[in-house]
Amino acid sequence: MTSAAVTLCVFCGSRPGANAAYAQAAQALGQGLAARGWNLVYGGGKVGLMGTVADAAKAGGAHVTGVIPESLLQREVGHHGLDELRVVPSMHVRKQQMAERADAFVALPGGLGTLEELFEVWTWRQLGYHQRPLALLNTEGYYDRLLAFIADSVNGGFVTEAQAALLVVEREPQALLQRLAKLLPAPPSGPADLART
Ligand code: AMP
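Residues numbered from 1 in each chain as written. Predicted model: local features only at pLDDT ≥ 70, side-chain atom pairs only at ≥ 80, totals over all residues. Heavy atoms only, no water.

*Asks:* Before we move on, could you go through the packing of helix H1 (residues 20-35) against helix H2 (residues 48-59) and cite the residues and values that matter?
*Replies:* Taken N-terminus to C-terminus, the directions of H1 and H2 make an angle of 30°; their axes are 7 Å apart at the nearest point. When the interaxial angle is binned, H1 and H2 end up roughly parallel. Regarding H1 and H2, the two cross each other, and that crossing is right-handed. Facing H1, whose interface residues are Tyr22, Ala23, Ala26, Gln27, Leu29, Gly30, Gln31, Leu33 and Ala34, H2 presents Leu49, Thr52, Val53, Ala56 and Ala57. Per-class residue counts for the contact of H1 with H2 are 10 nonpolar, four polar and no charged. (Axes fitted to C-alpha atoms, helices over the stretch in contact; angles between N-to-C directions. Helix = DSSP H or I, 4+ residues; strand = E, 2+ residues; numbered from the N terminus. Parallel < 35°, antiparallel > 145°, perpendicular 65-115°, else oblique. Left-handed = near helix turned anticlockwise from the far one by under 90°. Contact = heavy atoms within 4.5 Å. Nonpolar A, V, L, I, M, F, W, Y, C, P; charged D, E, K, R; others polar.)

Following this line, the structure appears as structure tokens:
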């Protein structure tokens, strides 16, 4: 792993979900991020979409880091095939360590945990705690009604259009990765650039 490589933080279901398209999308996202030379940080589980995205990223050559609270090691089946599995004391430390390593955040289809993680990084962004891109993979419209509710909350005067627009939404993994790539800051100039000055 080079320190300049982009690290994508992925939040997703600890279950596979009821539609095979969700696992296909998780696999495509894992493969796609690896193909871009990006690395992955995620919740460290082997189950559900979490395991699927991690296995695909690892198979594609990405450096994969999992961060899992000790209390969930059994329930989410800590993935021991990763480059690094960090076992941490609490959910708060997990989220903090995932966020510290991330250059951008993506939520795939998932349940309450995924929603909580997405909304946390979204609210942190609106408060200016970080400036990193956030994206939602809306596989087969899984999140359509959530997005409709966000539009309602803009109309209701509780969320600004600018806050709502912080979330990049795409239905296809490759389109989502492409949009994120454009939002990431340009990599710092390397020694070769310096040598030319
Ligand atoms: P889920 O979307 O509910 O399947 O959960 C996806 C991931 O979110 C799993 O790794 C859960 O451990 C994690 N998670 C569950 N509850 C929370 C929470 N309150 N805060 C942060 N992450 C959570």
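Okay, back to it.
*Asks:* Got a sec to walk through the layout of surface pockets? Specific residues and values, please.
*Replies:* By volume, the largest pocket amounts to about 470 Å³. In terms of lining, the largest pocket is formed by 28 residues, of which the most central are Cys12, Gly13, Ser14, Gly113 and Thr114. Going through the elements one at a time, strand S1 (7-11), H2, helix H3 (91-101) and helix H4 (112-126) are the ones with two or more residues in the lining of the largest pocket. A class-by-class count of the residues in the lining of the largest pocket yields 14 nonpolar, eight polar and six charged. Of the residues contributing to the lining of the second largest pocket, the split by class is nine nonpolar, no polar and two charged. (1 Å grid on protein atoms, 1.4 Å probe; cavity = no way out; pocket = protein on both sides within 12 Å on 5 of 7 lines; lining within 4 Å. Points joined across faces, edges and corners; volume = space filled by probe spheres on them.)

*Asks:* Break down empty space enclosed by the protein for me, with residues and values.
*Replies:* Tallied over the full model, the rule gives one cavity of 30 Å³ or more. In this structure, the largest cavity occupies an estimated 50 Å³ of space. What lines the largest cavity is Phe11, Lys95, Met98, Ala99, Phe105, Glu117, Glu120, Val121 and Trp124. Mapped onto the lining of the largest cavity, the elements with two or more residues apiece are H3 and H4. Here the lining of the largest cavity takes four residues from H4, the largest share from any one element. Across the lining of the largest cavity, the residue classes break down as six nonpolar, no polar and three charged.

*Asks:* Please provide a residue-by-residue account of the site of the ligand, values included.
*Replies:* If you check the shell around the ligand, you find 16 residues, and the closest are Ser14, Glu76, Gly111, Thr114 and Glu116. Within the side chain of glutamate 117, one N or O atom sits 3.3 Å away from an oxygen atom of the ligand. Burial of the ligand by the protein chains amounts to 79% of its free accessible area of 490 Å². Among the cavities detected, the one that contains the ligand is the largest pocket. Contributing elements (two or more residues each) for the shell around the ligand: H3 and H4. When the residues that make up the shell around the ligand are grouped by side-chain class, the tally is five nonpolar, six polar and five charged. (Near = heavy atom within 4 Å. Polar contact = N/O pair within 3.5 Å; in protein donor to acceptor, adjacent residues only side chain to side chain. Areas by Shrake-Rupley, 256 points an atom, 1.4 Å probe, with all protein chains shown as cover. Sits in = over half its atoms within 2 Å of the grid points.)

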